[in-house]
Amino acid sequence: MEFNRRHFLSKGVTSAAGLAAASMIPTALFGQDLHTTSRPKEIVVKSQKRPKPKHTIRFSVIGLNHGHIYGMVNSLLDGGGILVAVYAKEQKLLQNFTKRYPQAKIAKSEDEIIEDASIQLVTSASIPVDRAPLGIRVMKSGKDFMADKPGIVTLEQLREVKKVQKETQRIYSITYSERLANPASVQAGKLVQDGAIGKVVQLIGLGPHRMRPESRPDWFFDPDRAGGILCDIGSHQCDQFLYYTDSKEAEVSFAQTGNFNIPNYPDYQDFGDMSVRSKHATGYIRIDWFTPEGLGTWGDGRTFILGTEGYIEMRKYIDIAGREGGNHLFLVNQKETKYYDCSNVHMPYGEQLVTDVVERTETAMTQNHCFLATELALTAQDMAFRLNVR
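Predicted model only: the values in this text are computed from it and were never measured.

## A word on the packing of helix α6 (residues 128-140) against helix α7 (residues 155-168)
For any two helices packed against each other, the geometry is given by the interaxial angle and the distance between the axes. Relative orientation of the contacting elements α6 and α7 amounts to 15°, with a least axis distance of 10 Å. For the element pair α6 / α7, the angle class is roughly parallel. Handedness of the α6/α7 crossing: left-handed. Mapping the contact onto sequence places V129, A132, P133, I136, M139 and K140 in α6 and Q157, E160, V161, V164, Q165 and T168 in α7. The class makeup of the residues in the contact of α6 with α7 is seven nonpolar, three polar and two charged.

Structural data, given as structure tokens:
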């Protein structure tokens, strides 16, 4: 009987009556017109002539263990900073740095820089576990501090850094470079603040990276020294969640980490994900070291910002659909669909930080935001469920 009923219905649709009835059903139900879209309007954001930075400061470098230091130094130089001196234990790293920045005097010790009263800020990309103790020394000497991320690797370090920062009123800035040093991220911030997608309710941050173990130092694989995957790369995404959702308070909903493909370093984590939330927004974060060699860059970093009136997608480092280069941003709202080439967008972090050092303001990043982004990442790292335990 069931077979006969199905047979009757299928025959009925092809009958005159069946076709008449079918004509009253919206064509979308049959999968028609679902993919009819126009090509998005393409906008190349033009570079703008900028005035000379208002302020200048004297800064120095201690610790060269991560290549991020070059972008950090460049941002300060572009923002009005004067590079005075550099110190590093590793002669090879020091040689490479001074070749690029011959104006930097080679200091004989950390103390030589910290005790120099003419230096206003110290920046560092030392081994992650050493950054907070160095920053504490720098702040106690009356200087401001600019750290590579992760700028703090344990909750205990965070408590001590917050204590000293409050006592000294110095700046402890962590360079969350995925937002602060990426043109598409800066453009997204402008669009969100202008209300282009309404009220932001969720952020999804994907941070894939390429793993080439032979190119990494030993400390990189030690979570006690490097901080773990959520503490390290996850801090980028926590920063973005707070910034784009305008959240002043937040908490971690869940977190998990795993080692799926690095058996030689069983304590290492090559995958992690976590969820965060504030009273008005949620965030999902996934980070990994699984970027395949077939991709034309180190990672297809993507950020999705969902608003009540639209959404933004950033493909920061590559568009696998074929557009050249990085810094791609897509905007869809109630009016239109747009593509932005953000390559020429000015990144203001360095100049803002120089201004903050001189004027004692918080234009680059509030101190509360800086610490909260790190606290979320550290909390997630500590509470993470361990996947794939052998």
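Now that the structure has been shown, we can carry on.
## Let's talk about the nonpolar core
Core analysis: the largest hydrophobic core is formed by 102 residues, its most contacted members being F97, I305 and I312. Discounting chain neighbours no more than four positions away, the residues touching F97 are V61, L64, I69, Y70, V73, L83, V86 and A104.

## Topic: the side chain of S173
Within the element layout of this structure, S173 appears in strand β7 (residues 172-175). In contact with S173, other than residues within four places in its own chain, are F145, M146, A147, Y349, L353, M365 and C370.

## Quick notes on the sheet that holds β7
Pairing within the open sheet is parallel, and its six strands lie in the order β4-β3-β2-β5-β6-β7. The sheet terminates laterally at β4 (105-106) and β7, the two strands that pair on one side only. Pairing geometry for strand β2 (residues 57-64) and strand β5 (residues 121-125), over four bridges, is parallel. The residue of β5 that forms the bridge with V61 is T123. Packing against the sheet, helix α12 (residues 349-359) makes contact with β2, β3 (81-87), β5, β6 (144-148) and β7, and its axis sits at approximately 175° to β7.

## Examining the pairing of strand β8 (residues 200-208)
With six bridges joining them, β8 and strand β12 (residues 302-307) adopt antiparallel strand pairing. From the neighbouring strand, L203 faces β12, where its bridge partner is I305. Here seven bridges tie β8 to strand β11 (residues 282-288), and the two strands are oriented parallel to one another. Residue pairing in the sheet places L206 in a bridge with R286 of β11.

## So, the packing of aromatic side chains
Note on aromatic pairs: each is described by the distance of the centres and the angle between the planes. Throughout the structure, instances matching the rule amount to 14 aromatic pairs. Here the aromatic rings of F220 and F221 are separated by 5.0 Å at their centres, their planes lie at 85°, and the arrangement is edge-to-face. We classify F220 as buried; its relative accessible area is 9%. Taking relative accessible area as the criterion, F221 reaches 4% and is therefore assigned buried. Residues W298 and Y317 carry aromatic rings whose centres are separated by 4.5 Å and whose planes lie at 45° to one another, so their mutual orientation is tilted. Here W298, found in the loop between β11 and β12, pairs with Y317, found in the loop between β13 (310-315) and β14 (328-333); they are 19 residues apart in sequence, far enough to count as distant.

## Thoughts on the confidence of the model for the protein
Segments scoring low in pLDDT should not have their predicted coordinates read at a detailed level. Chain-level statistics for the protein give a pLDDT mean of 92 and a share of 90% at 70 or above. Across residues 5-25 the pLDDT falls below 50, and counting only partners more than four positions away or on other chains, this stretch makes six contacts in the model.

## Describing the sheet that holds β11
Note: strands within a sheet are paired through backbone hydrogen bonds, in either parallel or antiparallel orientation. Judged by pairing direction, the sheet is mixed, and its ten strands sit side by side in the order β1-β15-β14-β13-β12-β8-β11-β10-β9-β16 without closing on themselves. Strand pairing shows two members of the sheet lacking a second neighbour, β1 (41-44) and β16 (385-387), which therefore form its edges. Adjacent strand axes in the sheet meet at a mean angle of 15°, parallel and antiparallel pairs treated alike. In this fold helix α13 (residues 367-383) packs onto β9 (251-258), β10 (271-277) and β16, with an angle of close to 55° to the strand it touches most, β9.

## Describing unusual backbone geometry
Residue K149 is joined to P150 through a cis peptide bond whose omega torsion reads -10°. As for its position among the elements, P150 is in the loop between β6 and α7. Phi is positive for D246, close to 55°, though the residue is something other than glycine.

The rules behind each value
Residues numbered from 1 in each chain as written. Predicted model: local features only at pLDDT ≥ 70, side-chain atom pairs only at ≥ 80, totals over all residues. Heavy atoms only, no water. Axes fitted to C-alpha atoms, helices over the stretch in contact; angles between N-to-C directions. Helix = DSSP H or I, 4+ residues; strand = E, 2+ residues; numbered from the N terminus. Parallel < 35°, antiparallel > 145°, perpendicular 65-115°, else oblique. Left-handed = near helix turned anticlockwise from the far one by under 90°. Contact = heavy atoms within 4.5 Å. Nonpolar A, V, L, I, M, F, W, Y, C, P; charged D, E, K, R; others polar. Core = buried A, V, L, I, M, F, W, Y, C linked by side-chain atoms within 4.5 Å. Buried < 20%, exposed > 50% of the residue type's maximum accessible area, 1.4 Å probe, protein only. Pairing = 2+ DSSP bridges. Phe/Tyr/Trp six-rings, centres within 6.5 Å; stacked < 30°, edge-to-face > 60°. pLDDT = per-residue confidence, 0-100.

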